[in-house]
Amino acid sequence: MPEAAVRIRDLRKTFGAVEAVAGVDLDIGDGEFFSMLGPSGSGKTTVLRLIAGFERPTAGTVELGGVDVTGLAPFDRDVNTVFQDYALFPHLDVLRNVEYGLKVRRVPRAARRERAVEALRSVRLDGLERRRPGELSGGQRQRVALARALVNEPRVLLLDEPLGALDLKLREEMQVELKSIQRRAGITFVFVTHDQEEALTLSDRVAVLDRGRVQQVGTPAEVYERPATGFVAGFVGTSNRVGDVCVRPEKLHVEIGDDLPGPPGGGRHALGTVAEVVYAGAVTRFVIDLDSGDRVVALQQNLRTSSTDVTRQRGARVRVGWEAAHEFRVPSDAVPASPAAPAS
Amino acid sequence: MTFSPAARIALRVLMGLGLAVIYVPLLVVLVNSVNADRAFGWPPSGFTGHWWTRAMDNDGARRAVLTSVKAGVGATAAALVLGTLAAFAVARHRFFGREAVSLVVVLPIALPGIVTGIALSNAFQVVLKPLGIGLGLFTVIVGHATFCVVTIYNNVLARLRRTGANLEEASADLGADTFQTFWYVTFPALRSALFAGALLSFALSFDEIIVTTFTAGPGAETLPIWIFNNLFRPNQAPVVNVLAAALIVLSIVPIYLAQRLSSASRGVT
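Since the model is a prediction, treat every value here as computed from it, not as a measurement.

What follows is about the overall build of chain B. A tally of helices and strands in chain B yields eleven helices and zero strands. Traced from its N-terminal end to its C-terminal end, chain B shows the element sequence α-α-α-α-α-α-α-α-α-α-α. Counting only C-alpha atoms, chain B reaches 70 × 70 × 30 Å along its principal axes. Relative to its full complement of 269 residues, chain B shows a buried share of 32%. Pairs at least 24 apart in sequence give 77% of the contacts found in chain B among residues at least 6 apart.

Take a look at the structure:
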């Protein structure tokens, strides 16, 4: 791994009796798009706030670029944050919002104006310099928040669920844009989200957090295809238990009919009954009760089928097939109270 | 909500009556200040500016207005500093006894003025007199500040709770130190709340009479006390009327400003 932009060692944070962060170690590489994924209460936002310096850790250290910053105030750290609610200054126009970081660091007026205008152009907001945040749409505010952080050219950009408030279409657009901005600017992004699809789409690596602990760190493919714990398997996508192994829903192949022929060579299969069918446009979700007693979910692309075809299949006998290579094993308890897997 | 035509008319009449009860007496005061009839006969037999010129020339009245302005400005200034600090402590920090502090700060506005007056009077006699500080303008300012703090505290606290701490965090995140954050972010967000609180505080101080009675020395006669002392002297009655009329006109300005200010700040956030 390249030089660590962020290095976290045995980080702990207790609020009263609640241990929000219970011993986290992370190494985030320079220029990496790194996501922290977890449900609410998993401690991901607290870790982010500890990196930014808004909270002091109960124990442990935070290093930025090899320098211990654990005791430093937020304004002495070379990181900037994009807040969930954007936290734009309502009394300042867009240009002054973006200039703010340069102004408090005493960059001369002409230079900071030039850089702010450039930053606004990079997020495609040129022409809106004189608007107040209250006069912007959600997507535009999001871009202002991004420009306001990026104009300072921080070593690390922290993003706290920045797309959470946007509607689906805009969120997908901003995902693409975030990724391209990150590549262009070449800075490290630490991205907090509870949306597993978002984390998988955007990240170079993902850390999955639960109850203040890191469950697994890996590339999106590793986390999805080879989840280390039952929690990861359940939180990152749906996982089906078939006997003592698990298979992802899209890896299951459903064949319908009473006269079920033998399985094609090499594959695994199980017989069952369709309990529920949900037509979702591009795909259909089958909920199938296997004869073995397991209940599985299978996703099938609607290549040739239509909604009338698939909904008629409720109650039908089916054969579910999959490839052995797509099986994975996780510890038998679905959500371990105290994960046996070491925080990597 | 929709009303039947009859109900609508009834509500309008009630509204008109309510407003009339408040504003007709004020109007009478205004008219009487230019009433040519010395005994305020009604309807006025004619109009004159004589009372106004007499009031302007009245030394006692002029001094009383000046004393009241000084007391109001002094109490408001003290309240601005103390109320803002207290509001910050309660809104932005957790500490033992936070709720108790909040209650203790707000209590003076609910205490009967007579209680505050007696308590302060005793305290001043016991503590300040031996130090050579007698009752006067200073003790009036201290007395008024005890309840003026509440208006600032409440206004600032409400604003701090509404804006939350995240703007201050954003400012620190962008590299601003504590002072820069206060100056560029916190203060602008508080400005209209401070102004509205200060107006209210000044108005409270300006017409206060009970606490003032107990804390003012002979040299510090505020306007309400002067009016009260002169109210029953037939000779001064027209001057008292003019002062009342002037105060009515003067109060409209700050109330109008305060209303516009609070509606403007709602529009921004």
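Regarding its fold elements, chain A presents nine helices and 17 strands. Projected onto the principal axes, the alpha-carbon positions of chain A cover approximately 80 × 45 × 35 Å. Relative to its full complement of 344 residues, chain A shows a buried share of 40%. Contacts in chain A between residues at least 24 apart in sequence constitute 67% of all its contacts with a sequence separation of at least 6.

All names here are of chain A. Reading across from one edge, E2-E1-E4-E5 is the order of the four strands in this open sheet, with antiparallel pairing throughout. Unpaired on one side and paired on the other, strand E2 (18-29) and strand E5 (67-68) mark the two borders of the sheet. Two elements, strand E4 (residues 59-64) and E5, share two bridges in a ladder whose sense is antiparallel. When the bridges of E5 are listed, Glu-63 appears paired with Asp-68.

Another point: the packing of helix H3 (residues 59-92) of chain B against helix H8 (residues 178-206) of chain B. All names here are of chain B. Interhelical geometry of H3 versus H8 gives an angle of 140° and a closest axis separation of 8 Å. In this view, H3 runs oblique relative to H8, as classed from their interaxial angle. Crossing angle aside, the handedness with which H3 passes H8 is right-handed. Of the residues in H8, those touching H3 at Ser-68, Ala-71, Gly-72, Ala-75, Thr-76, Ala-79, Leu-80 and Gly-83 are Leu-194, Gly-197, Ala-198, Ser-201, Phe-202, Ser-205 and Phe-206. For the contact of H3 with H8, the class distribution of residues is eight nonpolar, seven polar and no charged.

Attention now goes to the UniProt feature "transmembrane region" (unreviewed entry) in chain B. Residues given the UniProt feature "transmembrane region" (unreviewed entry) here are residues 9-31, 71-91, 103-124, 130-153, 193-217 and 237-257 of chain B. Strand forms 0% of residues 193-217 of chain B and helix 80%; the C-alpha atoms that close the span are 33 Å apart.

All names here are of chain A. Strand order in the open sheet made by the five strands is E13-E17-E14-E15-E16, with antiparallel pairing throughout. On the outer flanks of this sheet lie strand E13 (253-256) and strand E16 (295-301), each paired with one strand and no other. Ignoring which end each strand starts from, the neighbouring axes of this sheet average 45° apart. Summarising the sheet, strand E14 (residues 268-280) and strand E17 (residues 317-322) pair through six bridges and their orientation is antiparallel. Residue Arg-268 lies in a different strand from E17, and its bridge partner there is Trp-322.

Taken together, the 16 residues of chain B in the interface contact 20 residues of chain A. For the side of chain B that touches chain A, the elements supplying multiple residues, two or more each, are helix H7 (166-173) and H8 of chain B. The greatest single-element share of the side of chain B that touches chain A, amounting to six residues, is contributed by H7(B).

With that settled, the discussion passes to the domain arrangement of chain A. Assigned domains of chain A: these are domain 1 (4-231) and domain 2 (245-326). Computed from C-alpha atoms alone, the centre-to-centre distance between domain 1 of chain A and domain 2 of chain A is 40 Å.

On to the UniProt feature "domain: ABC transmembrane type-1" (unreviewed entry) in chain B. UniProt feature "domain: ABC transmembrane type-1" (unreviewed entry): in the numbering of this structure it lies at residues 65-258 of chain B. Helix makes up 81% of residues 65-258 of chain B and strand makes up 0%, while its end C-alpha atoms are separated by 22 Å.

Moving on, we get to unusual backbone geometry. Residue and element names in this part refer to chain A. Even without being a glycine, Tyr-86 presents a positive backbone phi close to 75°. Mapped onto the fold, Tyr-86 is located in the loop between strand E6 (79-82) and helix H2 (94-104). Judged by the 21 C-beta atoms lying within 10 Å of it, Tyr-86 is buried. Even without being glycine, Arg-106 reaches a positive phi, approximately 60°. Relative to the helices and strands, Arg-106 resides in the loop between H2 and helix H3 (109-122).

Turning our eyes to something else, we now look at the pairing of strand E8 (residues 188-193) of chain A. Remark: a regular strand shows side chains that alternate across the two faces of the sheet. Residues and elements named next belong to chain A. Counting buried positions along E8 gives six out of six residues, so the element sits mostly inside the fold. Here E8 shows no split at all, with Thr-188, Val-190 and Val-192 on one side and Phe-189, Phe-191 and Thr-193 on the other all buried. Sheet analysis places strand E3 (residues 33-37) next to E8, joined by five bridges and oriented parallel. When the sheet's bridge partners are listed, Met-36 is paired in E8 with Val-192.

Residues with a pLDDT of 70 or more make up 92% of chain A, whose mean pLDDT is 87. Counting contacts from residues 334-344 of chain A, a segment whose pLDDT is below 50, to residues more than four positions away or on other chains yields 25 contacts.

This part takes up the environment of A:Val190. Residues and elements named next belong to chain A. Residue placement: Val-190 occurs in strand E8. C-beta crowding within 10 Å serves as the criterion here: with 26 such atoms nearby, Val-190 is assigned to the buried category. Separated by 109 residues in sequence, Val-190 and Thr-81 have C-alpha atoms that sit 9.4 Å apart. Residues within four places of Val-190 in sequence aside, it is in contact with Val-6, Ile-28, Phe-34, Met-36, Leu-48, Ile-51, Val-156 and Leu-158.

Basis of the calculations
Residues numbered from 1 in each chain as written. Chains lettered and ligands numbered in written order. Predicted model: local features only at pLDDT ≥ 70, side-chain atom pairs only at ≥ 80, totals over all residues. Helix = DSSP H or I, 4+ residues; strand = E, 2+ residues; numbered from the N terminus. Buried ≥ 20, exposed ≤ 12 C-beta atoms within 10 Å, placed from the backbone. Contact = placed C-beta atoms within 7 Å. Pairing = 2+ DSSP bridges. Axes fitted to C-alpha atoms, helices over the stretch in contact; angles between N-to-C directions. Parallel < 35°, antiparallel > 145°, perpendicular 65-115°, else oblique. Left-handed = near helix turned anticlockwise from the far one by under 90°. Nonpolar A, V, L, I, M, F, W, Y, C, P; charged D, E, K, R; others polar. UniProt positions renumbered as here; feature names shortened; annotations may be inferred. Domains from an automatic or database assignment. pLDDT = per-residue confidence, 0-100.

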